[in-house]
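# Close look at the chain arrangement
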Amino acid sequence: MDMILYPERESWNKLLARPCLEDDSLEESCRMICDEVKAHGDEALRKYTWFFDGVRLAEIEVPLEERMSAGKRVPEELKGAMALAYKNIEAYHRLQLPEKKVMEREGFSCWQEARAIDRVGLYIPGGSAPLFSTVLMLGIPARLAGCREVVICTPPDKNGEVNPLILWAAELCGISRVFKVGGIQAIAAMALGTEAVPQVDKIFGPGNRFVTAAKQWVARYGMAVDLPAGPSEVMVIADGGCPPAFVAADLLSQAEHSPDSQVILLCCDAAFAAQVKEEVARQMERLPRQRIVRSALQHSKCIVLDALETCMDMANAYAPEHLILSLKDAREWVPWIRNAGSVFLGYYSPESAGDYASGTNHTLPTNGYARAYSGVTVDAFMKKISFQEISPMGLDYLGDAIERMAAAECLDAHCNAVRVRRENLLNIGKS
């Protein structure tokens, strides 16, 4: 990790640049694969699963017997851990269920009601790290929202099977349809529909740059997606009271996601930053995903600034997916945070807790999108419909304002829709 001391604000944009994700060939791959899936359906899915995953699929959907046997291959201790995570994730997301609130005025009322999105597709990464936790993070709010149909796409292993942990998590969430398809072709299948994979109304889930590019591409077909997301990232703001080993462990926990992940430390003490760097090197030697970590650390940084206030300003400029405030008085700094996907407070709040079991959702905006996007919530699986009911008294109360505004915009038919009703009221009053 590079160490940068007291950089000028003018250099922050360049200093905080993410790893370059631009790749012209990605867009061409998305176009080609989507076109082929649209034209040839399941045949195209089998072709690209063989090409990318080295697997010849007999069945695209996971058969019932494979799903039913998954539980036997999951250790009981892990089942208990997943049950605890399920309980906390459900409790946290249940708090997000919307309440109906009605605005009452002079003879009219307006309100909003939530309706679940009918069909949603969940993309679950399953390559070097099968993310069964993402099934819980997406499946639980989808169930709470009341989505009628939920399907999963996830890449198969070399034996053409889906990891049993993913299948067991799907069982916990009540998801019965799982498809052995990954990458660009999976996103295309859910967006366009094939003989086996149903077309959905919205696609959720993290993924590598290929999946991210595919989600952006299928938006051209009118497909809704959860949020823009790219490689995982964490920014840690630490004071000298935090053990350097804690900070190093947090940085490494994100660096092991992928070679293009980015981790950044902000602090106000160069000696402390040097200690963290030493701990990163020491702990890294014990990690099995060391090759991935080393690649990620090539574009990661330790930045020393003059004050914690400056650290907060830099954090807001970066808008990290994960922000860890490893500070003694972390809660006092909460009002400073404007841009972040998820925030972890204090010395004993590792980002890993949010990834798995504390209850908050780990599907979060990356690449600076936290400036404008939230992480996944129950709301993401719903849309809101507005309602209004206007009585004759209410229309009389609103009528002049509506007619004047419509006339000012030269929309005479709008004006007339009110006028004919008001004239009818007058006629009723004369009779």
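All of the points below concern the structure found in this document. Note that this is a predicted model, so its numbers are computed, not measured.

Scanning the protein for helices and strands turns up 16 helices and 14 strands. Taking the principal axes of the C-alpha coordinates as reference, the protein spans close to 90 × 60 × 45 Å. Buried residues in the protein amount to 50% of all 431 residues. Across the protein, the fraction of contacts at a sequence separation of at least 24, relative to all contacts at a separation of at least 6, is 76%. Only carbon and sulfur atoms are counted for the fraction: they give 52% of the accessible area of the protein, which is about 21200 Å².

Here we come to the sheet that holds strand 11 (residues 301-304). The strand order across the open sheet built from 6 strands is 1-11-10-9-12-13, with neighbouring strands paired in parallel fashion. Either end of the sheet is taken by a strand with one partner, and the two such strands are strand 1 (2-5) and strand 13 (342-345). For this sheet, the mean angle separating the axes of adjacent strands, direction not counted, is 15 degrees. Sheet topology places strand 12 (residues 322-326) next to strand 13; 4 bridges connect them, and they run parallel. Across the sheet, Ile324 pairs through a bridge with Phe344, a residue of strand 13. Contacting strand 1, strand 9 (233-238), strand 10 (262-267) and strand 11, helix 11 (residues 270-284) crosses the sheet at an angle of about 175 degrees to strand 1.

On to the nonpolar core, then. Nonpolar side chains in soluble globular proteins tend to end up buried together. Val120, Leu122 and Phe381 are the most contacted members of the largest nonpolar core, which has 41 residues in total. Elements supplying a minimum of two residues to this core: helix 5 (76-94), strand 4 (119-123), helix 6 (132-145), strand 5 (149-153) and helix 7 (164-172). Dropping the residues within four chain positions of it, Leu122 is found in contact with Leu138, Gly139, Val150, Val151, Ile152, Cys153, Ile175, Met190, Phe204 and Phe381. Val55, Cys153, Val200 and Trp217 belong to the second-largest nonpolar core, a separate cluster that totals 34 residues.

Further remarks concern a nonpolar patch on the surface. Together, Met3, Leu5 and Tyr6 line one region of the surface with nonpolar side chains, adding up to about 290 Å² of accessible area. Structurally, the position occupied by Leu5 is in strand 1. By relative accessible area, Leu5 is classed as partly exposed at 46%.

Take the sheet that holds strand 2 (residues 102-104) next. The strand order across the open sheet formed by 3 strands is 2-3-14, and the pairing between neighbours is antiparallel. Whereas interior strands pair on both sides, the edge strands pair on one side only; in this sheet they are strand 2 and strand 14 (382-390). Geometrically, the sheet is characterised by an average inter-axis angle of 15 degrees between neighbouring strands, direction not taken into account. Of the strand pairs in this sheet, strand 3 (residues 108-116) and strand 14 are connected by 9 bridges, and their pairing is antiparallel. From the neighbouring strand, Phe108 faces strand 14, where its bridge partner is Ile390. Packing of helix 15 (residues 392-408) onto the sheet brings it into contact with strand 3 and strand 14, and relative to strand 14 it is tilted by some 95 degrees.

Parameters at a glance
- Residues numbered from 1 in each chain as written.
- Predicted model: local features only at pLDDT ≥ 70, side-chain atom pairs only at ≥ 80, totals over all residues.
- Heavy atoms only, no water.
- Helix = DSSP H or I, 4+ residues; strand = E, 2+ residues; numbered from the N terminus.
- Buried < 20%, exposed > 50% of the residue type's maximum accessible area, 1.4 Å probe, protein only.
- Contact = heavy atoms within 4.5 Å.
- Areas by Shrake-Rupley, 256 points an atom, 1.4 Å probe, with all protein chains shown as cover.
- Pairing = 2+ DSSP bridges.
- Axes fitted to C-alpha atoms, helices over the stretch in contact; angles between N-to-C directions.
- Core = buried A, V, L, I, M, F, W, Y, C linked by side-chain atoms within 4.5 Å.
- Patch = residues over 30% accessible without salt bridge, like charges linked within 9 Å, V, L, I, M, F, W, Y side chains within 5 Å.
- Salt bridge = Lys/Arg side-chain N within 4 Å of Asp/Glu carboxyl O.

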